Amino acid sequence: MKHDKHLNTLLQSYLQGCGKSLDQKKLFWMYLCGWVPEPAAPQVFQEQGLKFTGNEKNFLYTSYRELRKDQRTEHLEPRQLNDKLSGLILEVLEHKDEYKNQAKLKGRINEFLEEVLKPEEDFKVLFRVVNLSVKVEDIQFWDCIITQYDSDQLAKWGFDPKKNVPIGLDAFENQTVIIVSEKGTNVAEMVTRARLKATRRLRVLQSYLKVEFIHDQQLYFELSTEYAVRNESTGKVVSWGFDKKNTAIAYDYPDFLKEHVGEANRDFERINQLPPKVRGPIERTLHWIGSSISEVDPDIKISFLCTALETLLTTKADRLKGEKIAYRGYLLGQEVNSENYQMPQKVLGVYERRSTIVHGSDIGVATVRDYWLMLDFAQTTLKNFIQFVSSHNLTKPSAVFAKLLESQHLAPLRKWLEEEYVTVYSTRIAESIREEVGEEKPTTSYDGP
C-alpha cells in the first residue's frame, strides 16, 4: 500500500489554499481542527481572503483513513497517528515557502512514512470452537487449520507448560480449535482481525456441513473468548488472554433503566396515537436499530441501521434512497429544532459502504466509527420523525416527505450543497432534491475527487 500519492495531494492542496499571511494560515489550521463551524466556513474563509473548496477536510480524512487501513500503522493508537499526521501538516504550513520545492516535500513525506510504518510480523492465532467436538489432526480448511491437540502437541505448538499464566495450554487441551494466520504490528488489533476472520470461516464451514439430516442447532458454532498468539519467527506463544469485547455484560443501572423506560413509554403513548401507516414503520425501525446493537460485525451493524433508515425515510417508489435518507433526516432535525444532527454527506458516505456490503462487492468495509455515526443519526431521526408527524397530524410517510419539501430550511440546504460545500456526495444529494421537486438537472456538476 503506497501513501505518497494521497499525502502529496493533501499537502499540495494545503500549500495552495492556506494563504500567505500568518493569520490566514492560523484560520486554515483552525478550520482543520474543527474550531470553525462548518456552515460558517465559506463566509469566514472569504473574509480572510481565502477560497473555500469544501474539500479541505475530505483530503485530510482520506489520508488518515488510508494510513489507518494500513496494518503497518496499527502499532499507533488513533490519537498518536492523528498527532503525527497533524504534525506533518502543521510543519508544512509553517514552512510553506520551503516546502514549495517538490523534492523537499517528497523527502519530508518519505521521512514521515518511515516514522509511522512499521514492518509486519507473521503470527498464528488459536481459538477454541464452541459446540464443535471432533477429534481430528490438522485439517486444512481454506486458509485455516481445524484440529484437536493434547498437552504435548500444544507444547510443541508454542505453549510453555512450565509458565504459570492465566490462559495456558489447559484452556485448549483436547478441545477442537481453529488456527488462523495473521500479519501485523499490534497484537491486540491482530487478534481482533483473526477473530473476525475465524468467525467468517466458521460461517463457510456451516454452509458446507449443512445437509438435510443435520439440524441447524448442531451447527451453532462460535469462538471461545480465550485465545493464544504464536510468533512465527520464534515458534513461541507470545500473547494470550480473554477477548471480552463482544461478550454480554450485565446491565445493572436501575435508575437509568427507569429513566429510559419512562421515555420509551411516553413515546409508546405518542406512537399509539398515530395512524397505522405511520406507526408501522416506526415500530419496524426500532426493531432494526435493536438488531444492529445486537450484532458484532460493523458491516452487519450499519446494514441493519441503513435498513432502519430506509424503513423510516423512504418508500418503495423512491430512487436514490441513500440521498433521500441523508437530506430528509437533516430536514427533520431542522424542522423540530434538534441541535443533534449529522452532515448529509457523511450519512450518504456510510450508506454507500452499506451498498458495497449488501450487493456483495466487498466485506470488512465498515468501521466502528461508521456504526456510531449511523446509530446516532437513526436514533435522533426517529425521535424527530415522531415529533414532526405528531405536530403536523400527518397520516402516511409520503405526506411527511411532501411536507419536508415545503420546509424553509430546504433552500439554504440546497445552496450549501450546490455552492458552498461541493463534493461528490453533496452533488448527488442536491440532484436527488431537484428530482423530488421536479427540476431539471443543471448542465454542470461536480467532477472532483
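Predicted model, so just to flag it, every value in this text is computed and none were measured.

1. What about the pattern of salt bridges?
The full count for this structure, using the stated rule, is 34 salt bridges. Its salt-bridge partner being E66, residue K69 comes within 3.0 Å of it at the nearest N-O pair. Taken as a pair, K69 and E66 lie in helix α4 (residues 56–69) at a separation of three residues, close to a single helical turn. Taken together, the shared-partner salt bridges in this structure form one network comprising D318, R319, K324, R328, E435 and E436.

2. Description of the confidence of the model for the chain
Considering every residue of the chain, the mean pLDDT works out to 90; 97% of them sit at 70 or more. Ignoring residues within four places in sequence, the model shows residues 443–449, a span with pLDDT below 50, making 10 contacts including any to other chains.

3. A short note on the side chain of D267
Secondary-structure assignment places D267 in helix α10 (residues 254–272). A residue is classified by how much of its surface remains accessible, and D267, at 18% relative accessible area, is buried. Within the structure, the side chain of D267 is placed 3.5 Å from the side chain of K383, a separation counted as a polar contact.

4. Details of the pairing of strand β3 (residues 144–148)
Within β3, five of the five residues are buried, leaving the element largely enclosed by the surrounding structure. The side-chain alternation of β3 yields two buried faces, one formed by C144, I146 and Q148 and the other by I145 and T147. In this structure, strand β2 (residues 139–141) lies alongside β3, joined through three bridges in antiparallel fashion. Bridging from a neighbouring strand, I139 pairs with I146 of β3. Relative to strand β4 (residues 176–184), β3 is paired through five bridges, and the arrangement is antiparallel. Counterpart to Q148 in the pairing with β4 is T176.

5. Digging into the environment of T53
Mapped onto the elements of the fold, T53 is located in the loop between α3 (41–47) and α4. It is 17 Å that separates the C-alpha atoms of T53 and P344, two residues lying 291 residues apart in sequence. Within the structure, the side chain of T53 is placed 3.1 Å from the backbone nitrogen of N55, a separation counted as a polar contact.

6. Here's the deal with the packing of helix α12 (residues 298–313) against helix α13 (residues 321–335)
Where α12 meets α13, the axes come as close as 10 Å, and the angle between the chain directions of the two elements is 70 degrees. Between α12 and α13, the angle falls in the class roughly perpendicular. Crossing geometry of α12 relative to α13 is assigned as left-handed. Judged by residue contacts, C306, L309, E310 and L313 of α12 engage K321, I325, R328, G329 and L332 from α13. When grouped by side-chain class, the residues that make up the contact of α12 with α13 number five nonpolar, one polar and three charged.

7. Structural notes on unusual backbone geometry
Non-glycine residue D138 carries a positive phi angle of around 40 degrees. Here D138 lies in the loop between β1 (121–130) and β2. On the accessibility criterion, D138 (42% relative accessible area) is partly exposed. Look at N174: it is not a glycine, yet its phi comes out positive at around 55 degrees. If you trace the backbone, N174 turns up in the loop between α8 (151–157) and β4.

Cut-offs applied
Residues numbered from 1 in each chain as written. Predicted model: local features only at pLDDT ≥ 70, side-chain atom pairs only at ≥ 80, totals over all residues. Heavy atoms only, no water. Salt bridge = Lys/Arg side-chain N within 4 Å of Asp/Glu carboxyl O. Helix = DSSP H or I, 4+ residues; strand = E, 2+ residues; numbered from the N terminus. pLDDT = per-residue confidence, 0-100. Contact = heavy atoms within 4.5 Å. Buried < 20%, exposed > 50% of the residue type's maximum accessible area, 1.4 Å probe, protein only. Polar contact = N/O pair within 3.5 Å; in protein donor to acceptor, adjacent residues only side chain to side chain. Pairing = 2+ DSSP bridges. Axes fitted to C-alpha atoms, helices over the stretch in contact; angles between N-to-C directions. Parallel < 35°, antiparallel > 145°, perpendicular 65-115°, else oblique. Left-handed = near helix turned anticlockwise from the far one by under 90°. Nonpolar A, V, L, I, M, F, W, Y, C, P; charged D, E, K, R; others polar.

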